[in-house]
Every structure is written in C-alpha cells, then in structure tokens.
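# Descriptive analysis of the structure
Each chain, letter by letter, is given below.
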Amino acid sequence: MANPYVPHPAVIKEIKTETRDTKTFRLEFLDENVKKAYQFKPGQFNMVGVFGVGEAPFSITSNPDEKEYFEHTIRAVGNVTNTIHKLKEGDILWVRGPYGRPWPIEEAKGKNILIVAGGLGLAPLRPVIYYIANHRDEFGHVEVLYGARTPLDMLYRSEMDEWRKIKDFTLRLTVDMVPEGVEWEHRVGVVTVLFEEMDSRPENTVVMVCGPEIMMHFVVKGLVERGFAKNQIYLSMERRMHCGIGKCGHCQIGSKFVCRDGPVFTFEEVEPLPDKIV
Amino acid sequence: METLILRKEQLPQFIEHLRREYRVVGPVKKGNLVVFAEISKAEDLQLDYVTTMIPPKKVLLPQRETILKFKFENETPKVEQPAVDGKIVLFGVHPCDINAIKVLDKVLIEGEFKDPYYAQRRENTVIIGLNCTKAGEYCFCTSFGTGPGAKDGFDILLTDLGDRFLVEVGTDAGKKIVEGFKELSKAEDADIAKRDEILKKVAESIKRRIKTENLETLLLEKINDKIWQELADECLACGVCTTVCPTCFCYGVIDRVSADFKEGERIRYWDSCMFLEFAAVALGGNFRPGRDARLKHRMYHKLVYIKQQHGVFGCVGCGRCVEFCVKHIDPVDAVTRLSGD
C-alpha cells in the first residue's frame, strides 16, 4: 500500500531573497522517478518539511511547464518556516504532493483573467502568470492587481518587467505605505483602490484572488458591487494542515476540507461557510 | 445470513479458537470502568458492560502512534515506515461502536488517499459484535438506527439469549471463524424471535431521542442561536468529548528527536477541535478562537458536516460525550431545545 505520509527528499538548488522575511526556494527531487512523475497545476500545494521540526503546506510558486524543478516562496513566521530559512543551497527538504484543487485554468481558457493579490498572496498566483505567458493565445486580456504593505514587501519585483512584456497584460501595483527614502511610482492605498483604474469587466472573465482573508473580504465585496458574480470569483483559502490529504481535520471550515476540497474555491462556495473572515 | 448457537459454557473454547490466529481485544473491567484490552481467556471478558469510556477506535487509530521513523545517518536522513501489529479480533463491540467504525472507514479509507495505518489495521481486524441487552442512562442510538441491534459492519454478531449466544455471520472472514469451530449448533426460529424480543425491549427503554428528520436544515437555521453561547459558557474546552467520541478522527502530527540527535519519529496523536490551538494559524491568527465556535464546529461536524461530506451522521448515539463531560453538555438536549419540543 502506498504510504501518502512518506515525503521525498528534494535538494535546494537556489535560494532567492524576495523581501526582508521571504525567500523563494528552488527544489529538485533527488529520485529521478519521483521527479519524472511529479506534475502540479497552478494553485496546488506541497507539504514541505524538515525531519525533527515538522511539515507545513506551501503553495507551489513556479512555472508549471518546468519539469526539472519547482519552487516555494516562504515567509519566515513559525517553527517550520524559520528552520527552512536557515537552510543553504545543497540542503535537503522533504516534500510530498502536489495536493488540492487548482485554479480554474481550464474554465478560464478563451476568457479574460483578472488576478487580485495581496502580499504573499501573489505566490500561488505566480504559476498562473507563467502558464498564461507559456500559453498566451489560450486566454483573453489579463489584468493583475497587486498590493503589498510597502514596496519592500512586494514579491517578484525583479520579474515584473518580464511580465509586462506579455501580450495584452496589464499589471497594476499599490502599497499601503511608502517608507521614507523608498522610490515608488505606483499607487498608494489598499489593493481595492486599483478597482478605480482597472479595465476588467464581469463579462467573460474569471477572477482569481489570494491574500489575507480580510483583504479578500474587501476585494470580493468590491467585485460584487461592480457586477461580478459570486461563482466567477475564485479564492485560495489558507488553514493549518497536518496531513494535506483530508484526514487530520485541522483545515476544516464547515463541511469543506481546505486541503482536499480547496484550497481554491469559488466565493459562492465559501460565502455560506462559518469560521472565516472573507 | 447464517445463524448459529454458541452455548455460554463453550465461550472459553471459542476464545481459545480465536486466539490461535488472532490477538483478542474485548471489554475488560478496570476499576469502576470497562475498557477494551487484550484478553488471554474468556473469564477476562466483561460482556454485560454498557459502554466503555474510550471507544474501540483506539485499536484502529491509536491515541499516539509513530507514522514515520527517521535516522540522521548522513546528509540525507533515512526514512522508515513502521509496521502495524498483526491480526486482531475486536470482541464484544456494541452496535453503536460498530457503526462508528463504519464512519471512520469512510473518512480514513475512502477517497483519493487512504490512511495506510488505519487501513492496514482495519484489514487485519475481525469484528465480533455484541447486541445490547440493556441500555445506559445516556444512550440514544435509536435516533440514528445504530442500535441496540447491529444490521451490518460486523464479521460475526452475538446476542446474549441467557444461557447461550445467538451467532450471526456477516462476512466471509466471520464464516471462516465459525466453520473452524465445529461445536456450534444451528439456531432455531425461536432463538431469532427471542433476539428480536430482547432488542425491542431495549429499544423501548431508550427514551433519549434526537429528531433526525430535517436536522440539517434546523441546525443550519439555528447556527447563530444563543444556545451555542450558553453551552460555551458551560464548556471547559477540555476535549474529553472528542477523546471519548467513537467517530472523532482528528489528529495532530509532531516530530520527536532523540537526545543525541541521531534519530527521531514523526508521531500522530488524537487532537481535539475543542482546543484553542486547533484552528490557529501563523502570525497569531485563529479561526475558531471562541469556545462557542469550537463547540458548534464539533456538534455541527457530527450532525451536519459529515453528512454533507459522507452521507452519514457522525453521531451514533453512544452517549459518551454527555456521560464523561464534566458539565454534561448534551447534544440531545441542545437539539431538543432548538427544535422547540
């Protein structure tokens, strides 16, 4: 019987510092067969761990068409993440996955895409941006609204020039505040201020939202006010998980297991659930 | 279904017969309680018990178990999967607990991923059920059709008819066991009639009742009722309700490393959604910080959510969560009040 609790060793090939507390880890499975069999969809996550410390769920943040490696963008906030942050290139992480329901890439084909991200919430949406760039003709107009606390908290800033070169792709940025001495030429204010300038309209559009739940709460509210339907808005939810495979019960919200039924849900599915902010 | 008779004086031989191939775990007296424990002879059994404190789930999903072992031998740790114990007979399991195991099977075995440890133990386990000949103070199994008689979910089912047990065979594994024990005689129609008469009497003696029709609708309508805060004010969030619940499966996982840092274990342990930390997330967030939210999550999981997920109630009416709750917080009472009866 295959044991889904057994993780596979993956070597850290590269570590990139994104912000003062967040790094992107490029990983490659040691076992060739595991590497060959591994294939994720944008929005899915892995359970990543260090033996002796523990495991936690992390969204996969890399190009889904890349077969050699995958990436996780990790903020140091707890035991597992602080331990991972201390690792160096060549060290081993233990990975099992991919798990969970991905972003609705298939449903989005032939349609426009609106992405709204807050802070670290851009991480699980980065594979979507890669996918769009790789398969540009399969989608209509793509617009990304991204907000962070300060310009220094923005993920993937060095990649944004490349993103802007994608055909028919608009990237709009805002920050809550600009610290003294930091250059900033975009908007200031919470992410919903970008609604004032966005081109996206409800017609023929799929919306993908990820960020802190309080941010998603206001984003969804603003979108619904602008005529977007609850079933065209997709959210990625986050909860504590100990198993990732629908057994341990930690990530349950009402009748949904975030690990198995999500992490991506429509707002229509999320709205009636208890114990949430969005 | 094949029906046979096991005379009570044959029970020691029957247990011997089982022990040739299986470890036998059954109800045993321990202090003022009856617990499921391994037995070596029939005299160890306490078959007139009503309900154990800890349900037999502990045999299939132990309170604490190692799910992985690791050795730091060189740069890359070596990972080992522990083997599960051998073949077990769970003897004398009451119908509520048999039905609870059916719920655990759905959660832990069905779906894309199997829990490998539970699934292997389940494959290695024979269930010899025991219909109830008396009900406890807190029982309400008749509400869910999970007792006092079992309909399925057992390999063999016994009913105490006084000087003899009626033996019903439910599966091939059960059939193999009774075929290997030649001393059983055929049951008469009168034995079956006697079983029905006993079960009817026990069912009639159970007065506590949850109305299950439209229960989901009722509870979803009443999700913000003041009763939840009232119950939460009583609740100590101690988690005993989840510990003694035969269908509670939630677990936590923790790594433990030896003092010399040479090896360690990944351990899972029964966790409880009644604990403050259960739904805590990074940076101090918690999605069920209040006892009302946690108590409601537990009761709704049993009576609404698991039904939406797996089509069955997560409550089998065993009454343990009421009996062992320091404040006797009672879902029967809660639902009765909410339905206005």
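Residues numbered from 1 in each chain as written. Chains lettered and ligands numbered in written order. Predicted model: local features only at pLDDT ≥ 70, side-chain atom pairs only at ≥ 80, totals over all residues. Heavy atoms only, no water.

This part covers the overall build of chain B. Within chain B one finds 12 helices and 12 strands. Here the C-alpha atoms of chain B give a radius of gyration of 22 Å, agreeing with the 20 Å that 2.2 N^0.38 yields for 341 residues. In chain B, which comprises 341 residues, the share counted as buried stands at 55%. Sequence-distant contacts in chain B: of pairs separated by 6 or more residues, those separated by 24 or more amount to 73%. Element-wise, carbon and sulfur atoms account for 50% of the exposed surface of chain B, whose accessible area totals about 15300 Å². Across chain B, the 51 positively charged side chains and the 52 negatively charged ones have centroids separated by 1 Å. (Helix = DSSP H or I, 4+ residues; strand = E, 2+ residues; numbered from the N terminus. Rg over C-alpha atoms; globule rule 2.2 N^0.38 Å. Buried < 20%, exposed > 50% of the residue type's maximum accessible area, 1.4 Å probe, protein only. Contact = heavy atoms within 4.5 Å. Areas by Shrake-Rupley, 256 points an atom, 1.4 Å probe, with all protein chains shown as cover. Lys, Arg positive; Asp, Glu negative; His and termini not counted. Charge placed at Lys NZ, Arg CZ, Asp CG, Glu CD.)

Residues and elements named next belong to chain B. Read from one edge to the other, the open sheet built from 8 strands follows the order β3-β2-β6-β7-β8-β9-β1-β10, with strand pairing classed as mixed. With one partner strand each, in any of the chains shown, β3 (33–39) and β10 (185–186) form the two edges of the open sheet. Contacting β1 (3–7), β2 (23–30), β3, β6 (88–93), β7 (125–130) and β9 (164–169), helix α1 (residues 11–21) crosses the sheet at an angle of about 150 degrees to β6. Relative to β9, helix α5 (residues 172–179) is tilted by about 135 degrees, and along the sheet it contacts β1, β7, β8 (156–160) and β9. (Pairing = 2+ DSSP bridges. Axes fitted to C-alpha atoms, helices over the stretch in contact; angles between N-to-C directions.)

The subject of this paragraph is the domain arrangement of chain B. Residue and element names in this part refer to chain B. Domain annotation of chain B identifies domain 1 (3–205) and domain 2 (215–338). Here domain 1 and domain 2 have C-alpha centroids that lie 25 Å from each other. Taken together, the contact between domain 1 and domain 2 spans 40 residues of the former and 40 residues of the latter. Here domain 1 meets domain 2 over a buried area of about 3500 Å², counting both sides, of which 67% is carbon and sulfur. Inspection of the domain 1/domain 2 interface yields 3 salt bridges. Where Asp-115 meets Arg-268, a salt bridge forms, and the shortest distance between an N and an O atom there is 2.7 Å. Across the domain 1-domain 2 interface, the total number found is 19 residue pairs in polar contact (both at pLDDT 80 or more). (Domains from an automatic or database assignment. Buried area = accessible area lost by both parts, 1.4 Å probe. Salt bridge = Lys/Arg side-chain N within 4 Å of Asp/Glu carboxyl O. Polar contact = N/O pair within 3.5 Å; in protein donor to acceptor, adjacent residues only side chain to side chain.)

Let's shift gears to the interface of chain A and chain B. The interface is formed by 41 residues belonging to chain A together with 45 residues belonging to chain B. Each partner contributes to the roughly 3500 Å² buried at the junction of chain A and chain B, and carbon and sulfur atoms together form 62% of this total. Joining chain A to chain B, the criterion identifies 2 salt bridges. Between Arg266(B) and Glu55(A) there is a salt bridge, with the nearest N and O atoms lying 3.5 Å from each other. If you look at where chain A meets chain B, you find 24 residue pairs in polar contact (both at pLDDT 80 or more). Those elements giving two or more residues to the side of chain A that touches chain B turn out to be β4 (54–59), β6 (92–99) and β14 (256–257) of chain A.

Quick look at a nonpolar patch on the surface now. On the surface, a nonpolar cluster with roughly 280 Å² of combined accessible area is contributed by Ile214(A), Phe218(A) and Ile277(A). Classification of Ile214(A) by relative accessible area gives partly exposed; the value is 47%. (Patch = residues over 30% accessible without salt bridge, like charges linked within 9 Å, V, L, I, M, F, W, Y side chains within 5 Å.)

Residues and elements named next belong to chain A. Looking at the element boundaries, Thr-24 is found in strand β2 (residues 22–29). Of note is the side chain of Thr-24, whose polar atom sits 2.9 Å from the side chain of Thr-73. Apart from the residues lying within four places of it in its own chain, the contact partners of Thr-24 are Glu-14, Ile-15, Lys-16, Glu-18, Glu-71, His-72, Thr-73, Arg-126 and Tyr-156.

So, on to α1(B). When α1(B) is considered as a whole, its buried residues turn out to be Leu11(B), Phe14(B), Ile15(B), His17(B) and Leu18(B). Taken end-on, α1(B) shows its buried residues confined to a sector of 155 degrees, consistent with a single buried face. (Arc of directions from axis to C-beta.)

The omega torsion across Gly262(A) and Pro263(A) is 10 degrees, close enough to zero to call that bond cis. Looking at the element boundaries, Pro263(A) is found in the loop between α7 (258–261) and β15 (264–266). Geometrically, the link from Gly147(B) to Pro148(B) is a cis peptide bond, its omega value of 5 degrees lying close to zero. Summarising the element assignment, Pro148(B) is placed in the loop between β7 and β8. One non-glycine residue, Asn204(A), lies in positive phi territory at about 55 degrees. When you line up the elements, Asn204(A) lands in the loop between β10 (187–188) and β11 (205–210). With phi around 55 degrees, Asp275(A) is a residue other than glycine that occupies positive phi space. You can see Asp275(A) is positioned in the segment after α8 (267–270). Given the relative accessible area of 18%, Asp275(A) is considered buried.

All names here are of chain A. Examined against the element boundaries, Leu-114 turns out to sit in strand β7 (residues 112–118). With relative accessibility at 0%, the residue Leu-114 sits in the buried group. Measuring from C-alpha to C-alpha, the distance between Leu-114 and Ser-255 comes to 28 Å, with 141 residues separating the pair along the chain. Excluding anything up to four places from it in sequence, Leu-114 contacts Glu-143, Leu-145, Met-198, Ser-200, Thr-205, Val-206, Val-207, Met-208, Leu-223 and Phe-228.

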